Amino acid sequence: MAEALSTQPNGASSASAAPSLTTYTPRYIDIGINLADPIFRGRYHGKSRHPDDLKAVVGRAVEVGCTKLIVTGSSFKSSRDALKLAKEFPGTVFATAGIHPCSSSIFSPSHHKHHDESQSEGEGEGEAEHTPACDPDPSKPIADGDGVDLVRSKHIIADLTTLITQARTSPTPELVAFGEFGLDYDRLHYCSKEVQLHSFAAQLALAASLSPQLPLFLHSRAAHADFVRLLKDAFGPRLERLEKGGVVHSFTGTVDEMRELMDLGLYIGVNGCSFKTAENCDVVKEIELSRLMLETDGPWCEVRPSHEGWKYLVEFEVKAKADAAAAAAAAAAAEAAAVVAAPEEQAETGQRRERRKKPQQQQQQGKKNQKKEPEVPERYKVVKKEKWEEGAMVKGRNEPCTIDRIAKIVAGIKGVSVEEVCEAAWANTVKVFGVDS
Ligand SMILES: [Zn+2]
């Protein structure tokens, strides 16, 4: 787009030849945030490390303009917890319900516990209660051959149907998507390929049978061909029976895979994991704005300085500083011009300018004693979980308030404005998940 786009926060947009004078207030919807993870209650690997600060996490998100959060349900327990959170923060938090490929070992005959973990709450909690992290794990994959427990599978799908049906009777729209579900061949140590394939197919059949259907919140990692094949089996070769659309979140696949998903009418969700390498960023460049959604996938997938995408954040900050300096210079020039026009005010204005200089000088002197400013500033203080303090973020625990970084990096990669990215993602998300009520 050659013309500057001036967009109001209410969504009305108008093209004009001159840059907009009104500053744009960004708005975000985090389509994938694992707020049901106990880490947001201060619990790490089953141990309480600091006070429950979930309300502060939601508060920080809203403060930066991330006013809608779609909390991922990835097991029976996290889906129920996500729905509870949606009731707690009506109009801000929404939920999905489904069984993640990494939680799909409940379909396997060797799984001991009752599949609905919420019924065994309190026992054996720990590592397993966390949502699976995004990074591939070098642990040994579980081999096929164990088969699927078909009787158990029937019960699981019946229980999931009940969970979804009950959630849909709520007068307020907490449940906005079916998922998270799909395939993850990078993490076969949680669940074998054959059990993942069964879990995905069984849930797709359920999703297709719902009336009306729900939009889909999908996960596909290193499994593209099987992923697309099963989707087509359930919804037709053009996904023509998929009524409400869907998003493939945390996308890290190839350009061709992404194009195939877009051609099928699906949306692409990007987070910090989508900018790790130069190849990843090349893929993001090709995502149509009309297909883009933004997410943090917190507590995972934060953008790190080692990631290729980081340089776009640095560029953004450099440009923001230059813009601010140019604006200040323009204001000073305007003031000087005014002084020439009205010499009698010169003395007073000169004094004012002197007064303004002083704090700047003091600041510069103060800075000499401080350590170097980070190239990408943190909006909130970040502390280690052992040194938790109120109002601070926890190091290594990604939060929805960092979603502005995702928008800035996408804008940098695609060479468009942050405003265009935010408004496109907002419109796409509202269209599919209807979270604007
Ligand atoms: Zn996922």
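Residues numbered from 1 in each chain as written. Predicted model: local features only at pLDDT ≥ 70, side-chain atom pairs only at ≥ 80, totals over all residues.

## Notes on the overall build of the protein
- Scanning the protein for helices and strands turns up eleven helices and 14 strands.
- Counting only residues that meet the buried cut, the protein has 40% of its 437 residues in that class.
- The contacts in the protein between residues at least 6 apart in sequence include a share of 76% that link residues at least 24 apart. (Helix = DSSP H or I, 4+ residues; strand = E, 2+ residues; numbered from the N terminus. Buried ≥ 20, exposed ≤ 12 C-beta atoms within 10 Å, placed from the backbone. Contact = placed C-beta atoms within 7 Å.)

## Let's talk about the packing of helix 4 (residues 193–209) against helix 5 (residues 224–235)
- The interhelical angle for the contact between helix 4 and helix 5, taken along N-to-C directions, is 30 degrees, at an axis separation of 9 Å. As far as their axial angle goes, helix 5 and helix 4 are roughly parallel. As for the relative orientation of helix 4 and helix 5, their crossing is right-handed in sense. Residues Leu 197, Phe 200, Ala 201, Leu 204, Ala 205 and Ala 208 of helix 4 form the contact with helix 5, whose participating residues are Asp 226, Leu 230, Leu 231, Ala 234 and Phe 235. (Axes fitted to C-alpha atoms, helices over the stretch in contact; angles between N-to-C directions. Parallel < 35°, antiparallel > 145°, perpendicular 65-115°, else oblique. Left-handed = near helix turned anticlockwise from the far one by under 90°.)

## Let's talk about the nonpolar core
- Core analysis: the largest hydrophobic core is formed by 93 residues, its most contacted members being Ile 70, Val 71, Ala 95 and Ile 268.
- Counting residues per element, this core draws most heavily on helix 11 (residues 418–433), which supplies seven residues.
- Residues contacting Ile 70, with those up to four places away along its chain left out, are Ile 29, Asp 30, Ile 31, Gly 32, Ile 33, Phe 94, Thr 96, Val 176, Ala 177, Phe 433 and Val 435. (Core = buried A, V, L, I, M, F, W, Y, C linked by C-beta atoms within 7 Å.)

## Here's the deal with the sheet that holds strand 8 (residues 175–184)
- Taken in spatial order, the eight strands make up an open sheet running 3-6-7-8-9-10-11-12, and their pairing is parallel. The open sheet terminates on both sides in strands that have one partner only, identified here as strand 3 (28–33) and strand 12 (292–294). Strand-to-strand twist in this sheet, taken as the mean axis angle between neighbours without regard to direction, amounts to 30 degrees.
- With three bridges connecting them, strand 6 (residues 66–71) and strand 7 (residues 93–97) associate as parallel partners. Directly across from Ile 70, in strand 7, lies its bridge partner Phe 94. (Pairing = 2+ DSSP bridges.)

## Digging into the packing of helix 7 (residues 278–285) against helix 10 (residues 403–414)
- Contact geometry for helix 7 and helix 10: axes closest at 9 Å, N-to-C directions at 80 degrees. One element, helix 7, and the other, helix 10, form an angle in the roughly perpendicular class. For the pair helix 7 and helix 10, the contacting residues are Cys 281, Val 284 and Lys 285 in the first and Val 410, Ile 413 and Lys 414 in the second.
- Residue classes in the contact of helix 7 with helix 10 are distributed as four nonpolar, no polar and two charged. (Nonpolar A, V, L, I, M, F, W, Y, C, P; charged D, E, K, R; others polar.)

## Some words on the pairing of strand 10 (residues 246–249)
- Residue alternation in strand 10 divides its side chains into two sets, Gly 246 and Val 248 and Val 247 and His 249, and both sets are buried.
- In this structure, strand 9 (residues 216–221) lies alongside strand 10, joined through four bridges in parallel fashion. Counted as the bridge partner of Leu 216 is Gly 246 from strand 10.
- In this region the chain leaves strand 9, passes through helix 5 and returns to the parallel neighbour strand 10; the handedness of that crossover is right-handed.
- The pairing of strand 10 with strand 11 (residues 267–270) spans two bridges and is classified as parallel. Pairing of Val 247 across the sheet is with Tyr 267, part of strand 11.
- Regarding the hand of the β-α-β motif, the stretch spanning strand 10, helix 6 (residues 255–263) and strand 11 is right-handed. (Right-handed = clockwise from strand over helix to strand, strands pointing away.)

## Describing helix 8 (residues 310–341)
- If you check helix 8, its first and last C-alpha atoms are 47 Å apart, about what 32 residues at 1.5 Å a residue would give, namely 46 Å.
- Within helix 8, only two of the 32 residues are buried, leaving the element largely exposed. (Expected span 1.5 Å × (residues − 1).)

## Things to note about the environment of Arg 80
- In this structure, Arg 80 sits in helix 2 (residues 76–88).
- Arg 80 sits 87 residues away from Ala 167 along the chain, and the two C-alpha atoms are 9.2 Å apart.

## Looking at the confidence of the model for the protein
- Mean pLDDT over the protein stands at 87; residues scoring 70 or higher make up 83%.
- Considering only residues more than four positions removed or in separate chains, one finds that residues 1–19, a stretch of pLDDT under 50, has 23 contacts.
- Between residues 118–127, whose pLDDT stays under 50, and residues either more than four places distant or in other chains, the model counts ten contacts. (pLDDT = per-residue confidence, 0-100.)

## Thoughts on helix 7
- Residues of helix 7 that are buried include every one of Asn 280, Cys 281, Val 283 and Val 284, and no others. Projection of helix 7 onto a plane perpendicular to its axis shows the buried side chains occupying an angular sector of 155 degrees, all on one side. With respect to the buried face of helix 7, the exposed residues turned more than 90 degrees away are Ala 278, Glu 279 and Lys 285.
- Structurally, helix 7 contributes buried residues whose contacts are with helix 6, strand 11 and helix 10. (Arc of directions from axis to C-beta.)

## Re the pairing of strand 11
- By the alternation rule, side chains of strand 11 split into Tyr 267 and Gly 269 and Ile 268 and Val 270, which are all buried.
- In this structure, strand 11 lies alongside strand 12, joined through three bridges in parallel fashion. If you follow Ile 268 over to strand 12, its bridge partner there is Leu 292.
- Crossover strand 11 to strand 12 through helix 7 is right-handed.

## Thoughts on unusual backbone geometry
- With an omega of -5 degrees, the peptide bond between Ser 211 and Pro 212 qualifies as cis.
- The residue after Gly 298, namely Pro 299, is reached through a cis peptide bond having omega 10 degrees.
- For His 45, which is not a glycine, the phi torsion comes out positive at approximately 50 degrees.
- Considering the arrangement of structural elements, one finds His 45 in the loop between strand 4 (43–44) and strand 5 (47–48).

## Let's talk about the environment of Asp 144
- Its location among the elements puts Asp 144 in the loop between strand 7 and helix 3 (150–168).
- For Asp 144, a count of 13 C-beta atoms within 10 Å puts it in the partly exposed group.
- Here Asp 144 is in contact with Ser 192, Lys 193 and Glu 194, once residues within four sequence places are set aside.

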